[in-house]
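Descriptive analysis of the structure
Now for the letters of each chain:
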Amino acid sequence: MTEEQEMVSIDKKELVGAVAELRASGYRLVQIGCTTRADNYEMNYSFDREYRFKNLRFSVKNDEEVPSISYIYWNAFLYENEIHDLFGIPIANIVIDYRGTLYRTRIPSPFKLTEKPAEQKESGGQPS
Amino acid sequence: MARINAIPFGPQHPVLVEPIHFDLVTEDETVVDAIPIIGYVHRGLEKLVEKKDFIEYTYVAERICGICGYMHGFGYCHTIEQVMGIEVPERAQYLRTIWAELSRINSHLLWLGVAADAMGFESLFMHSFRIREHILNMIEATAGGRMIFGCVKIGGVRRDVPSEELRNIVARLGELEPQIREITEVFLKDYSVEHRLRGVGVISKEEAYQLGMVGPMLRASGVALDTRKIGYGVYKELTFEPVVETAGDCYARCKVRVREIFESIDLVRQAVEKTPEGPIEVKVKGTPNGEFFGRIEQPRGEVIYYVKGNGSKFLERFRVRVPTFANLPGMIKMLKGAQIADVPTLIVTIDPCISCTER
């Protein structure tokens, strides 16, 4: 591997404190991402300091609220609006909340967790 | 008493090559707030990993953007290779790096032309595009494509380039270098350009870092951060330092890009000199099972690729965080307090890529 990456699993309740600590230690926010899993979402908050990559992660259920970190890292508001618009995850207290108007997709929240059709569940595969 | 207005800027505007919209709230001539709206050309390419297997997706990745398409292909393959533990042959790594730097020169010359055109500098626009054409010819001669190179694959590259052709590239870049120097000096020393760009849209070093800005935007504010320093490709074998300016204004951003053109020419020279003989690809066995955050330096800055595989041929998740998306908060910050007449030049000097943002 070209670089070591530190992956840290946290509880949702620890997010704000952990992020505030990273900010105080001089990390910059690299990205916030979300992955739809079988029955929940995986949130990834990535940071970097002098090319050292650190990632915080936790899981959230469908429609479970996530606290915003935009009052610690102002630029987080854009990632949080993106996650809200594409995944339908409610994020509380975003400093600039577009309320679903940042992305105007034809299908609302296209990555939102939905019940899979029965045949896909059985095969366990992806639609082709 | 100041009059408050809301002025729509975009999605069609002479300085915008691609559609993005800003609602500019102004107080007389001063912008007090800027609200971006994106999604005019959102293509849902991240969602497409559910339909295309991880090998096929290389073609999709290259089509995320028309300018840095090669970089997306390169970054995607690099990330998959990290997940699968694939050792790419050295010659392929060198070829990838050479194409990456040619792609950077292409992008920066395109930006120079667009910036010149936005300021009414028509002749400079023509000269910039004339020189860029030579770079595109080099890319076509070696990769086969001009905009979509189509030469990178998981495990290596699709095409080898004869050593003689590589030396030809260095010779032709040597001929172009004084021409590029001439037009960039005209641009940077022009009274009107300096007058319109110096002291405009200033972002301090601290702000640029905390706002998560990347690429020339970040380096123009004095932060020496360049993802190539991580050492992907063969950058660890090449000698270079991040190009840094300290003023943090629009002029500094232009200067960083101009200096980066010459740095890229030097990197191509170094890479060609060191390119070894040998195979250009390894056979890919198995499917990705694991995850990795790939990072490379595109012409517009750091780009992040997140790949998560579950052992099947379809990825569980593919995410791209492009440089323009990372620079948007900085752009909003910059627009607040700017004069309405400066907005077009502010946006041009960011070199926004909406195609990437709307992946």
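Residues numbered from 1 in each chain as written. Chains lettered and ligands numbered in written order. Predicted model: local features only at pLDDT ≥ 70, side-chain atom pairs only at ≥ 80, totals over all residues.

Let's shift gears to the interface of chain B and chain A. Each partner contributes residues to the interface: chain B has 30 residues there, and chain A has 28 residues. Counting only elements with at least two residues in the side of chain B that touches chain A, the list comes to helix H7 (205-210), strand E7 (301-310), strand E8 (315-321) and helix H10 (323-335) of chain B. With four residues, the single largest contributor to the side of chain B that touches chain A is E8 of chain B. The residue makeup of the side of chain B that touches chain A, split by class, is 13 nonpolar, eight polar and nine charged. (Contact = placed C-beta atoms within 7 Å. Helix = DSSP H or I, 4+ residues; strand = E, 2+ residues; numbered from the N terminus. Nonpolar A, V, L, I, M, F, W, Y, C, P; charged D, E, K, R; others polar.)

This part covers the sheet that holds strand E3 (residues 41-49) of chain A. Residues and elements named next belong to chain A. Taken together, four strands build an open sheet; the order of strands is E1-E4-E3-E2 and the sheet is mixed. For this open sheet the edge positions go to strand E1 (5-9) and strand E2 (28-36), each flanked by a neighbour on one side alone. Strand-to-strand twist in this sheet, taken as the mean axis angle between neighbours without regard to direction, amounts to 20°. Together, E2 and E3 form the strand contacts of helix H2 (residues 76-87), whose direction differs from that of E2 by roughly 10°. (Pairing = 2+ DSSP bridges. Axes fitted to C-alpha atoms, helices over the stretch in contact; angles between N-to-C directions.)

Moving on to the sheet that holds strand E2 (residues 21-27) of chain B. Residue and element names in this part refer to chain B. Pairing is antiparallel across the open sheet formed by three strands, whose spatial order is E1-E2-E3. Edge positions in the open sheet fall to strand E1 (4-9) and strand E3 (30-37), since each of these has one partner strand only. Each adjacent strand pair in this sheet contributes to an overall mean axis angle of 20°, direction not counted. Looking at chain direction, E1 and E2 are connected through six bridges and run antiparallel. Considered in E2, the bridge of Asn 5 is made with Thr 26.

Residues and elements named next belong to chain A. When pLDDT is averaged along chain A, the result is 84; 88% of the residues meet or exceed 70. Per-element averaging of pLDDT across chain A places helix H3 (residues 118-123) at the bottom with 46 and helix H1 (residues 15-24) at the top with 94. Across residues 120-128, confidence stays below pLDDT 50; counting only partners more than four residues off in sequence or on other chains, it has 10 contacts. (pLDDT = per-residue confidence, 0-100.)

Right, let's get into the pairing of strand E4 (residues 52-60) of chain A. Looking down a regular strand, the side chains alternate between one sheet face and the other. All names here are of chain A. Pairing of E1 with E4 involves five bridges; the strand directions are parallel. Each bridged residue has a counterpart across the sheet, and for Glu 6 the counterpart in E4 is Lys 54. Both E3 and E4 contribute to a ladder of nine bridges, which runs antiparallel. Considered in E4, the bridge of Glu 42 is made with Ser 59.

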